[in-house]
Amino acid sequence: MIEIKNVTKKYGKKKALDNVSFDVNDGEIFAFIGHNGAGKTTLIKAIMGIHDFDEGDIIINGKSIRDKGIECKKEMAFVPDNPELYENMTAIGFINFICDMYEVNIDERKKNIDKYAKMFEMKNNLNEPISSFSHGMKQKVAIIAALSHNPKILIMDEPFVGLDPKAVFDIKEVMHEMVKEGKTIFFSTHILDVAEKLCTRVAIIKKGKIVKVGTMKEIKGDKSLEKVFLELEG
Amino acid sequence: MKKIISLIKACMTDNMQLFKIKSKSNKKSSKVILPIILGFICMFSVWSYANMFMEPLVKIHAEYVLLSLFIMVSFFLTLIEGIYKASGLLFNCKDDDLLLSLPIKKSTVLFIRIFKFYVFELLYNSIFMLPAIIVYIRYVKVPFSFYVVSLFILLLLPIIPIIISSILGSIISRISSKFKFKNLAQTVTTVILLLVIFYFSFNMQELINNFGEKANVINKFITKIYYPCNAYVKMSTNFKIGDLLLFIFINISLFIIAILGLSTRYFKINSNVKGVKTSTSKKDYAIKRNRPTISLIKKELKKFISSPVFITNAGFGLVLFIIGIIYITLNFDKMTNSIIIEGSITLDEIKSYIPIILYSIICFTSFMTSITSSMISLEGKSFNILKSLPIKPMTIILAKVLMAVLVMIPLILIGDIILFVKFNFNILESLLIIIGTILLPLISETIGIIINLKYPKMDAENDTEVVKQSMSSMISVFLGMGISAISVFGLFYGIKIGLSNTLLLLLINLIFSILFIILMFYMNKKSVKLFNEINV
């Protein structure tokens, strides 16, 4: 479970996040939507302990990311919006590196890497250097690395950007599979159709403030998510 | 023309950011003061050297030799600096796709790249030439024309070295692009080229010995082989407007010819450099497990060996150290003969200084090889990966320091052992030198990482910007020079007042141990905070 409690983050005088509060429950696919520069990536980086915040707290499965950062991070995996991976490494080198950091034993990592490499059709590319990959392939490597240590919570920033339709389908399958196991998925997206079909709950952020949060039905009623979003933005 | 000016403006605005220091305050003054101070310190050192060279020249009325000598020195330094930078600045730039998609000629893109290169080399060149010109004016009553000539010389002097560097950089990139491990090939080719240049520079050292007596020979030699020297000396002593116009014409023509010539090959080389030769073997991927610290060190090592400019910059000092030690070992008798003949010192006395000389060389090598001063910046945008990992920031920082010292210590130890065997060091001296061999790289790399955490440059276009032009690497080099100079001065002062080698080495190791403890204390207190404050 992720509890976001009154989080405020300032860049100079500008509030990138303004008193943001909401919870993401276990076994939930939670979409975080908002226009460009609304504060989505800032909040995701705060949840992951990448960026600090000025006020409030973020609790991951009962532990504060500020006080117990390492323990919180052990339960999470992160897929960034722009996969800036280590270009000088091979894909398998990078995945092994991430597994080492999470201290994944050899059997578990073999099982997971084989499974996801096959699923994302990357088995034949894992020995190649990351520098030779397209954006989509790098994104797949980042996803395989994130899933290789069996995280309880998966945080993704715009995970569908640059992926081919098959990979988008596969990610959705993985998300459903994880949720069945009681795991939590929190992701930001601009693709409202996907969010509408996939998510249990959703939060909409505008200029650093949460303007709506709730189940998909509570948010959109009889309208489409796109229409609700555009009305809120207007 | 308007397009070119807009392009230059856009590219330079972006690049000049690298001279700014990331600080919490947005005051512009705080961002420019440090580079200016560093520039002045450097120019003051060159000014002192120029004065030292000028004194014997005044006696024989050959002041103009100072100008030709400094032109030659700045030519070599700009050339060496240029060779380091050329491949990184000209090829595989992040804005290639953007610039090449614009409706501009391909030669214009190359012009922008070389112009940027020119501006950096102009600044670098001025650090050496300006103080020499000031010293010349101090000793010689110069006409107004000298100022005009000097201005043009300053502006045009970097052109020939950057043309040569660009050509050599293109050749290096072309050769290395043919290999599967092109970064390794680029590193090896660059090192070989630099060693060749150093070999010739060392040979020129013979000429510079007994400078006062040989001044005219040196001048004749330099002006004969390098046209700008000849032109400057000629225009300074006997100004003719025709000579100045010819000088401007020759330099600008060379610049244009070089751009037109290089542009025919540039884009092919650039696309080859960008291409990645992948393995066609279908062998299974290896799943290996390492402890987190080992894995972090391996990651750092991979980054180090895969970046030609990084490995060349940091590793070259170590290579020179080994070559220097082997040179001393093989030529000791020849080197000492001339000193002994003069009668001021005996062979035994020279041999007794060897441990202190070795410690001094280790000191310079360690402090001038700051690997960690670029390691945070080289993470670039992937720094967020590290921050998202369930690993303590201190472990990540220490892994970087460890990797750097693991590269340095074995190489320095090889040099130590060669001299231990050659000169039969006693056990205590050997032990104290080995302690220094471990301690000095540790201190140098700890300082490097602290400076880089304080002055990170996370948005660099390429590795060259981080390794050669960032504030962090500049501060590390100057600080390293300062610490080395003070330590060496202290050691030789110790000899002068009659302290034994053992006591001196013991004392300096003690001082460095205290410094290391202070640094570790500072790092424990501040580095995690600095690490967390870096936002990418």
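The structure presented is a predicted model; accordingly, all values stated were derived computationally and were not measured.

S.K.: Lay out the overall build of chain A with the relevant residues and their values.
M.R.: When you go through chain A residue by residue, the secondary structure sums to nine helices and ten strands. For 234 residues, the compact-globule formula gives about 17 Å, and the C-alpha radius of gyration of chain A, at 17 Å, lands near that figure. The dimensions of chain A, computed from C-alpha atoms along their principal axes, are 45 × 40 × 35 Å. Relative to its full complement of 234 residues, chain A shows a buried share of 56%. Here the analysis covers contacts within chain A between residues at least 6 apart in sequence; of these, 67% occur between residues at least 24 apart. Taken as a whole, chain A presents about 9,600 Å² of accessible surface, with 48% of it coming from carbon and sulfur. Side chains of chain A carry 36 positive and 36 negative charges; the gap between the two charge centres is 3 Å.

S.K.: Kindly report on the overall build of chain B, identifying the contributing residues and their values.
M.R.: Scanning chain B from N- to C-terminus turns up 20 helices and zero strands. Buried residues in chain B amount to 52% of all 536 residues. A separation of at least 24 residues holds for 84% of the contacts in chain B among residues at least 6 apart in sequence.

S.K.: Talk me through the domain arrangement of chain B; I want residue IDs and the actual numbers.
M.R.: Frequently, the measure chosen for interface size is the accessible area that the parts lose on association. Residues and elements named next belong to chain B. Per the domain assignment, the segments making up chain B are domain 1 (50-274) and domain 2 (292-533). Listed by partner, the interface residues are 17 residues for domain 1 and 16 residues for domain 2. Carbon and sulfur atoms make up 64% of the area that domain 1 and domain 2 hide from each other, which totals about 1,600 Å². When residues of domain 1 are sorted by the area they lose upon contact with domain 2, Tyr84, Lys94 and Thr187 head the list and together hold 33% of the total. Run the count over domain 1 and domain 2 and you get zero salt bridges.

S.K.: If you had to explain the environment of serine 126 of chain B to someone new, which residues and values would you point to?
M.R.: Residues and elements named next belong to chain B. Inspection of the secondary structure assignment puts serine 126 in helix α5 (residues 106-139). In this structure serine 126 comes out as buried when scored by relative accessible area, which is 15%. Sequence separation between serine 126 and serine 374 is 248 residues, and the spatial gap between their C-alpha atoms is 25 Å. For serine 126, the contacting residues outside a window of four places in its chain are Met43, Pro131 and Leu154.

S.K.: Explain the side chain of aspartate 243 of chain B to me, and be specific about the residues and the numbers.
M.R.: All names here are of chain B. Tracing the chain through its elements places aspartate 243 in helix α11 (residues 241-274). One buried charged residue, aspartate 243, forms no salt bridge at all, with the nearest opposite charge on lysine 234 at 4.2 Å. Among residues more than four places away in sequence, those in contact with aspartate 243 are Lys234, Met235 and Asn238.

S.K.: Describe the interface of chain A and chain B, and please don't skip the residues or the numbers.
M.R.: Contact residues are listed per partner, giving 40 residues for chain A and 33 residues for chain B. Counting each side, the surface lost to burial between chain A and chain B is near 3,200 Å², with a carbon and sulfur contribution of 62%. Between chain A and chain B we count zero salt bridges in total. Our count for the contact surface shared by chain A and chain B stands at twelve residue pairs in polar contact (both at pLDDT 80 or more). Counting residues per element, the side of chain A that touches chain B draws most heavily on helix α3 (residues 91-101) of chain A, at seven residues. In terms of residue class, the side of chain A that touches chain B is made up of 19 nonpolar, nine polar and twelve charged.

S.K.: Pulling in residues and values, what's your account of the packing of helix α3 (residues 64-90) of chain B against helix α10 (residues 227-237) of chain B?
M.R.: Residue and element names in this part refer to chain B. One can describe the packing of α3 onto α10 by two numbers: an axis separation of 9 Å at closest approach and a directional angle of 155°. The pairing of α3 with α10 is recorded here as roughly antiparallel in orientation. Considering the relative orientation of α3 and α10, their crossing is right-handed. Mapping the contact onto sequence places Tyr64, Leu67, Ser68, Ile71 and Met72 in α3 and Pro228, Cys229, Tyr232, Val233, Ser236 and Thr237 in α10.

S.K.: How would you summarise the pairing of strand β3 (residues 29-34) of chain A if you had to cite specific residues and measurements?
M.R.: All names here are of chain A. Taking burial as the measure, the six residues of β3 include six buried ones, the bulk of the element. Along β3, one buried face is formed by Ile29, Ala31 and Ile33 and the opposite face, lined by Phe30, Phe32 and Gly34, is buried too. The pairing of β3 with strand β8 (residues 184-188) spans four bridges and is parallel. Bridging across to β8, alanine 31 finds its partner in phenylalanine 187. Pairing analysis gives five bridges linking β3 to strand β9 (residues 201-206), with the strands arranged parallel. Residue glycine 34 lies in a different strand from β9, and its bridge partner there is isoleucine 205.

Procedures and definitions
Going along each chain's sequence as written, the residues are numbered from 1 onward. Written order determines the labels here, with chains lettered from A and ligands numbered from 1. With the structure being a predicted model, the display of local features is reserved for residues of pLDDT at least 70 and the display and counting of side-chain atom pairs for 80 or more, all residues being used for whole-chain, interface and lining totals. Excluding hydrogens and water, the side-chain values take into account all heavy atoms of the structure. Secondary structure follows DSSP: runs of H or I at least 4 residues long count as helices, runs of E at least 2 residues long count as strands, and numbering of each begins at the N terminus. As defined in this context, the radius of gyration uses C-alpha atoms, and a globule is described by 2.2 Å times the residue total to the power 0.38. Each residue is assigned to one of three classes by its accessible area relative to the maximum for its type, calculated with a 1.4 Å probe on protein chains only: buried under 20%, partly exposed between the two thresholds, exposed over 50%. Note on contacts: a residue pair is in contact if any heavy atoms of the two residues lie within 4.5 Å. In these tables, accessible area is a Shrake-Rupley quantity obtained with a 1.4 Å probe, and a residue counts as shielded only by the protein chains included in the view. Asp and Glu count as negative and Lys and Arg as positive, but His and the ends of the chain are not part of the count. To locate a charge, take atom NZ for lysine, CZ for arginine, CG for aspartate or CD for glutamate. Boundary definitions for the domains trace back to an automatic or database domain assignment. Defined in terms of a 1.4 Å probe, buried area is the accessible area two parts forfeit on being brought together, summed over both. Salt bridge, as used here, is a side-chain nitrogen of Lys or Arg placed within 4 Å of a carboxyl oxygen of Asp or Glu. A 3.5 Å cut-off defines polar contacts: any pair of N or O atoms within that distance qualifies, except that in protein one atom must be a possible hydrogen donor and the other a possible acceptor, and neighbouring residues in sequence count only when both atoms are side-chain atoms. Ten residue types, Ala, Val, Leu, Ile, Met, Phe, Trp, Tyr, Cys and Pro, are classed as nonpolar, four, Asp, Glu, Lys and Arg, as charged, and the remainder, Gly among them, as polar. Note on geometry: axes are lines fitted to C-alpha atoms, helical ones only across the stretch in contact, with angles between N-to-C directions running from 0 to 180 degrees. Angle categories: roughly parallel below 35 degrees, roughly antiparallel above 145, roughly perpendicular from 65 to 115, and oblique for all the rest. Whether a crossing is left-handed or right-handed is set by the direction in which the near helix is turned from the far one by less than a right angle, anticlockwise for left-handed and clockwise for right-handed. The rule for pairing is simple: two strands pair if DSSP sees at least two bridges between them.

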